[in-house]
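Here is what each chain is made of, one letter per residue.
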Amino acid sequence: MIWFGIVLDILSLSSLCILHISFICHLTKVRQKVRYYVLYSIELCLLQLLSVQFHMNWFLSIFTEVLLLYGISLYALGNQRASSFTASVLAVYISQLSSGIINSAEVLILPSWIGTPALYGIVLFTVFLSFLLCSCCYALVLRFLSFQEHTFQPYIWILLCCGLFFLGTELYIIQTAYNTLPTIEEPVPVRHLALFFLQALGLFALLCMLYAYQRTCLSLQTQSALLSLTQAAKAQKTYITEAQMRYETTQAFRHDIKNHLSVLNGLLRADKIEEAKNYLQKIETTAASLSFSCQTSNPVVDVLLSEKLESAGLHNIETEVSLILPRTCNVDDFDLCVIFANALDNAIEACLSVEEHPSLSLQGEQQGDFYRLEFRNTCSPGPLPPMGTGLTNIKAAAEKYHGTMLMEKTTHTFCLHVLINIS
């Protein structure tokens, strides 16, 4: 009996270690490493020895297990505190819930096998079923949840509170319902059948909660993206309207240029040199007000670039533009504004994080039926930024024209490539 208990403990602790670490690594999208399993298995063994040696309370033992798993997730895996605590609570709760469901079924059938050799096989089989059920539950949870997505982070405490409530309820059930094992003379306890269905409902409630949490976070993300896109659309309409106004004003100026030349000619014929100079200066001022700092052959993009580059200049950002859009470009002005506005806004924001020599360059080149845009800017060291709303909108605009988007980053430079079909 002693050797069986030792084998059962080793099997249970090993399986629990593998399930817990594997679940958290998949949940937080962290690469699994052997040292995580070794470190956590050592901690579980020490916890088991302390529990036996000092007759540790069941609730205290489970709480310590959550803290150990939290420490592994936070310090070894490098996850955030909220994600680590929530993932640890979910991992321990699901394993305890799976064990509780199988224990409820086990209590119903075990008394008739007490005292027979088959008892050992049944116990091992129920342990296997417990871990199998736990694995299936983990797989279902991973379908609804992933802590890699930054959208979920602000609302993770909601999930944590619900998880703590479920875990506390399950621990209370385990503490009060499974302290004694019925004997052959004791009738099959009806309450364990009720506990079986109660814990099954707890599992169903957990999955429903995770599904509702996922849908709520996605809904908030969609609302935020829609608001951002609405604001961007208003800005793009402003650029288009201003470009149209400038175009109309330019046409009017060109229409009146003959009259202006006639006036100049008359002043010069009358030897009114100073009046002619003043009149010519007024013409030059008017012409300068109609021109843009960038000439791309697209008035909408010219307006947008002029505004963005002016903003960059106010922050002492060195800029360089080499871009001529083809006149037969079949890309809608609105989509061009989406690409240029979001890319330049991100570039300027990244430059602001650099203290020395911030710079921004924009280049464009036609390659057959495609046009390649390159936005390059200085940035602070670190990994590639996550796909925010701006980059998502750029990618969607590029794919609309059968193109693509690519990001590259070195230590102090970020480069965004956008390829669009202009045919």
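The preceding data block contains the structure.
If you're wondering where the values come from, they're calculated on a predicted model, not measured in any experiment.

Draft legend 1. Inspection of the state of the cysteines at higher detail. For the structure on display, the rule yields zero disulfides. Here Cys17 stays free of any disulfide, with the sulfur of Cys45 as its closest cysteine sulfur at 8.5 Å. Overall, the relative accessible area of 3% leaves Cys17 in the buried class. The cysteine Cys134 is free of any disulfide, with Cys137 supplying the nearest cysteine sulfur at 6.6 Å.

Draft legend 2. Region of the structure containing the packing of helix 10 (residues 333-352) against helix 11 (residues 389-400). It is at 9 Å that the axes of helix 10 and helix 11 come closest, and there the two elements cross at 145°. Relative to helix 11, helix 10 is oriented so that their crossing is left-handed. Residues Asp335, Val338, Ile339, Asn342, Ala343 and Asn346 of helix 10 form the contact with helix 11, whose participating residues are Gly390, Leu391, Asn393, Ile394, Ala397 and Lys400.

Draft legend 3. Broad picture of the packing of aromatic side chains. Evaluation of the coordinates by the stated rule reveals three aromatic pairs. On the numbers, 4.2 Å between centres and 20° between planes, the contact of Phe23 with Tyr138 is stacked. Placement of Phe23 in helix 1 (residues 2-28) and of Tyr138 in helix 5 (residues 118-144) is noted, with a sequence separation of 115 residues between them. We note that Phe23, like Tyr138, is buried. Ring geometry for Phe340 and Phe375: centres 5.7 Å apart, planes at 75°, overall edge-to-face. Highlighted residues: Phe340 in helix 10 and Phe375 in strand 3 (residues 370-378), separated in sequence by 35 residues. Each member of the pair, Phe340 as well as Phe375, carries the same accessibility label: buried.

Draft legend 4. Representation of the sheet that holds strand 2 (residues 359-367). Here we have five strands laid out as an open sheet, ordered 1-2-3-5-4, and mixed in their pairing. Each edge of the sheet is formed by a strand with only one pairing partner; in this case those strands are strand 1 (318-322) and strand 4 (404-409). If you compare each strand with its neighbour and ignore which way they point, the axes differ by 10° on average. Here strand 4 runs beside strand 5 (residues 413-421); their pairing, made up of six bridges, is antiparallel. Pairing of Glu408 across the sheet is with Cys415, part of strand 5. This element, helix 10, spans strand 2, strand 3 and strand 5 of the sheet and lies at about 20° to strand 3. Across the face of the sheet, helix 11 comes into contact with strand 4 and strand 5 while running at roughly 30° to strand 5.

Each value, and the rule that gives it
For every chain, the first residue of its written sequence is number 1, and the numbers climb from 1 along that sequence. A pLDDT threshold of at least 70 governs which residues receive local features in this predicted model, and a stricter bar of 80 or more applies before side-chain atom pairs are shown or counted, although totals over entire chains, interfaces and linings include all residues. Heavy atoms throughout the structure, all of them, feed into the side-chain values; hydrogens and water do not. A pair of sulfur atoms, both from cysteines and within 2.5 Å, is called a disulfide here. Here's how the labels work: a residue is buried when its accessible area is under 20% of the maximum for its type, exposed when over 50%, partly exposed in between, all with a 1.4 Å probe on protein chains only. Axes here refer to lines fitted to C-alpha atoms; in helices the fit is confined to the stretch in contact. Angles between the N-to-C directions go from 0 to 180 degrees. Numbering of helices and strands runs from the N terminus; a helix is a DSSP stretch of H or I covering at least four residues, while a strand is a stretch of E covering at least two. By convention the crossing between two helices is left-handed if the near helix lies anticlockwise of the far one by an angle smaller than a right angle, and right-handed if it lies clockwise. For this analysis, residues touch if any pair of their heavy atoms sits within 4.5 Å. Side-chain rings of Phe, Tyr and Trp (the six-membered ring for Trp) are treated as a pair once their centres are within 6.5 Å; stacked means planes under 30 degrees apart, edge-to-face means over 60, and tilted covers the remaining angles. A pair of strands is considered paired only if DSSP assigns at least 2 bridges between the two.

Don't take any of this as a statement about function, it's just geometry.
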